[in-house]
Structures are given as structure tokens and as C-alpha cells.
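A structural walkthrough
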Amino acid sequence: MTEEARNPRTTIPWALITSISLNGSLGFGMLLALLYCQGDVMQNLESPTGFPFLEAFLQALRILLVLLIFANVAVLAATSRTTYAFAQDNGLPFSNYIGHLHERSKLPIWALALSVTITMLLGLINIGSSTAFNAVISLVVAAYYSSYFNAIVLLTWRKLNGTAPEPGPWTIGKTPSLIVNIVTLIYIVIVFIFSFFPLTVTDLTPSSFKWAVVLYFGVVGIGIALYLVRGKSYCEPKPFYRKH
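Residues numbered from 1 in each chain as written. Predicted model: local features only at pLDDT ≥ 70, side-chain atom pairs only at ≥ 80, totals over all residues. Heavy atoms only, no water.

Things to note about the overall build of the protein
Secondary structure summary: the protein contains 9 helices and 0 strands in total. Start at the N end of the protein and walk to the C end: the helices and strands fall as α-α-α-α-α-α-α-α-α. The buried share of the protein, reckoned over its 244 residues, is 19%. Look at the contacts in the protein between residues 6 or more apart in sequence, and 54% of them connect residues 24 or more apart. As presented, the protein carries roughly 18,000 Å² of accessible surface, and 72% of it is formed by carbon and sulfur atoms. (Helix = DSSP H or I, 4+ residues; strand = E, 2+ residues; numbered from the N terminus. Buried < 20%, exposed > 50% of the residue type's maximum accessible area, 1.4 Å probe, protein only. Contact = heavy atoms within 4.5 Å. Areas by Shrake-Rupley, 256 points an atom, 1.4 Å probe, with all protein chains shown as cover.)

What follows is the structure, given as C-alpha cells:
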């Protein structure tokens with residue numbers, strides 16, 4: 001998505017640092033308010049939703065639905081926009097349609113429709129099986145961290161063998177950045193492994209087993225097969241920022 005930004009070597013790092021600082025500060029204040037107003041801890045732990053933090057939000061704020069709507073809108077915008085960016089590089093099936101912008105609204109309508117459809121279908125899983133739904137939810141952590149791992153491990157390898165690209169104007173130096181990369185990789189490996197652990201090790205049953213590991217490697221297998229079939233049609237991203 002940086003292809004569309006003006007001066008991405010400086011604006012994107014500034015955007016990342018600013019958003020992390022702002023959201024971290026607001027999140028810390030929200031966490032203090034939540035802990036102060038969360039109510040009965042045992043009631044949170046025994047929540048019928050299966051997610052104690054949702055019960056804590058409900059007790060503290062009483063506007064859980066409004067918060068979830070705002071969160072879903074933000075996630076939908078990010079997901080559809082990322083889907084559109086992948087389709088622009090011919091990285092998805094039917095990229096000609098998914099990567100198309102609506103002429104009047106200038107919105108990626110097909111990417112939005114695809115994101116909404118998949119989200120609705122995933123939500124229906126909970127009706128049939130809460131175990132399958134929890135497996136899909138648990139998959140998010142492993143998928144996020146493994147995507148970070150792939151990029152960081154390749155960059156770290158190139159730094160170690162001296163073939164890394166020249167740093168941009170935003171840099172903390174070769175040695176500090178290498179240390180940060182290595183520490184990050186260690187952290188990702190630990191979190192990735194533990195993300196597949198079941199909630200309990202006693203009385204393990206098919207319903208309490210963490211099926212996310214099966215879904216994860218299944219998706220990885222589909223991705224590898226898709227790359228082998230369509231990899232040659234990949235086109236290198238090209239900047240297409242336009243001044244208005």
C-alpha cells in the first residue's frame with residue numbers, strides 16, 4: 001500500500017510511529033478505565049461468551065455493541081484495502097475484478113464485497129460449531145506473526161551476509177537494527193508456538209483441542225499451491241501515486 005504514498009521512505013515510518021504512539025497512549029488510558037470499572041472478576045472469567053475481556057468491556061462500558069461496530073468498520077477498511085492492493089499486483093484469483101476501483105466513488109467495491117462476504121461466512125461457523133469458530137479466531141495470531149517473521153528473517157539474513165539494501169532516511173543504524181530484528185524473531189517464534197497450545201492440558205477432547213494448527217498449515221499449503229500455479233503471473237509493484 002506504500003506504492004500510493006508520496007515520499008513513502010519517510011511518510012510511512014512517520015505514520016507507523018505516530019499511530020503506535022497515539023494508539024498506545026489511548027489504549028493505556030482505556031485499560032486503566034476498564035480495570036477500574038470491570039466489576040466482578042469471576043463473572044468475567046465465567047462469561048457465557050467464552051471471552052472474559054468481552055464481559056469486562058460489557059460491565060465497564062455497557063456499550064459493547066457500539067465499540068464492536070466501530071472496530072469492525074476499521075478492520076473492514078484495512079482488510080478490503082489490503083485485498084485491493086494484493087489484487088493490484090495480480091496476487092489473488094480474479095484480480096481483474098477485485099483490483100477494480102468504482103468509477104464514481106473511487107472505492108474498491110469488489111474488495112469490500114469479498115471481505116464482507118468472507119466475514120459473514122466465518123461468523124456463521126459459530127452457529128454450527130463453536131470449536132471450529134474458536135480455531136479460526138485463534139488462527140489470527142499465528143497468521144499475523146508468521147507474516148512478520150517471513151519479512152524480518154529475510155531482511156536479517158541479508159544484513160548478516162552483507163547484501164541488505166541501503167537504509168533509507170529513517171534508520172537507527174546497522175547494528176541496533178540487527179539486534180532489534182533478532183530479538184523480534186525470537187519473540188515471534190515463542191508466541192507462534194504458544195499460539196497453538198490448547199487452553200487446558202487435562203481432559204483433552206476434540207472440542208477442547210486447538211485445531212488452529214490444522215487450519216494454519218492447510219492455508220499455508222493452499223498458498224504454496226497457488227504460488228506454484230500462478231507465481232509466474234506475479235507483477236512487481238510499481239508506484240502509481242498521482243498528484244491532484
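What to know about unusual backbone geometry
At Asn7, a position not held by glycine, the phi torsion is positive, near 50°. Assignment of secondary structure puts Asn7 in the segment before α1 (8–37). A relative accessible area of 51% means that Asn7 is categorised as exposed.

Considering the nonpolar core
Within the largest apolar cluster, 6 residues are counted, these being Leu139, Ala142, Phe192, Phe196, Ala212 and Tyr216. Residue assignment for this core shows that the elements contributing at least two residues are α7 (130–160) and α9 (212–230). (Core = buried A, V, L, I, M, F, W, Y, C linked by side-chain atoms within 4.5 Å.)

Remarks on the UniProt feature "transmembrane region" (unreviewed entry) in the protein
With numbering matched to this structure, UniProt assigns "transmembrane region" (unreviewed entry) to residues 12–36, 56–78, 107–127, 133–157, 178–197 and 209–229. Secondary structure across residues 107–127 comprises 90% helix and 0% strand; the distance between its end C-alpha atoms is 32 Å. Overall, residues 209–229 shows 86% helix and 0% strand. The separation of its end C-alpha atoms is 33 Å. (UniProt positions renumbered as here; feature names shortened; annotations may be inferred.)

Here we look at the packing of aromatic side chains
Evaluation of the coordinates by the stated rule reveals 8 aromatic pairs. Seen in terms of ring centroids, Tyr97 and Trp110 are 6.4 Å apart; in terms of plane orientation they differ by 70°. Their pairing is edge-to-face. Within this pair, whereas Tyr97 is found in helix α5 (residues 95–98), its partner Trp110 is found in helix α6 (residues 109–128), the two being separated by 13 residues in sequence. As far as the burial class goes, Tyr97 and Trp110 line up, both exposed. In this structure an aromatic cluster arises from ring pairing among Tyr144, Tyr145, Tyr148 and Tyr187. (Phe/Tyr/Trp six-rings, centres within 6.5 Å; stacked < 30°, edge-to-face > 60°.)

Quick word on the packing of α6 against α7
It is at 6 Å that the axes of α6 and α7 come closest, and there the two elements cross at 145°. Residue-level inspection shows Leu122, Gly123, Ile125, Asn126 and Gly128 of α6 in contact with α7, the latter providing Ser130, Ala132, Phe133 and Val136. Tallied by class, the residues present in the contact of α6 with α7 amount to 5 nonpolar, 4 polar and no charged. (Axes fitted to C-alpha atoms, helices over the stretch in contact; angles between N-to-C directions. Nonpolar A, V, L, I, M, F, W, Y, C, P; charged D, E, K, R; others polar.)

Notes on the environment of Tyr97
You can call Tyr97 exposed: its relative accessible area is 53%. A sequence separation of 13 residues divides Tyr97 from Tyr84, and the C-alpha atoms of the two residues are 9.6 Å apart.

Structural notes on the packing of α7 against helix α8 (residues 174–194)
Between α7 and α8, whose axes approach to 9 Å, the crossing angle comes to 145°. Here α7 runs over α8; the crossing is left-handed. On α8, the residues touching Val141, Ala142, Tyr145, Ser146, Tyr148, Phe149, Ile152, Val153, Leu155, Thr156, Lys159 and Leu160 of α7 are Lys174, Ser177, Leu178, Asn181, Ile182, Thr184, Leu185, Tyr187, Ile188, Val189, Val191 and Phe192. The class makeup of the residues in the contact of α7 with α8 is 17 nonpolar, 5 polar and 2 charged. (Left-handed = near helix turned anticlockwise from the far one by under 90°.)

Some details on a nonpolar patch on the surface
A cluster of nonpolar residues, Ile182, Ile186, Val189, Ile190, Ile193, Phe194 and Phe197, forms a patch on the protein surface that exposes about 640 Å² of accessible area. Within the secondary structure, Ile182 sits in helix α8. (Patch = residues over 30% accessible without salt bridge, like charges linked within 9 Å, V, L, I, M, F, W, Y side chains within 5 Å. Salt bridge = Lys/Arg side-chain N within 4 Å of Asp/Glu carboxyl O.)

Things to note about the environment of Asn181
Inspection of the secondary structure assignment puts Asn181 in helix α8. Residue class for Asn181 comes out buried when judged on its relative accessible area of 11%. Spatially, the C-alpha atom of Asn181 lies 9.7 Å from that of Phe149, the residues being 32 residues apart in sequence. Residue contacts for Asn181: discarding those within four places in its chain leaves Ile152, Leu155, Thr156 and Lys159.

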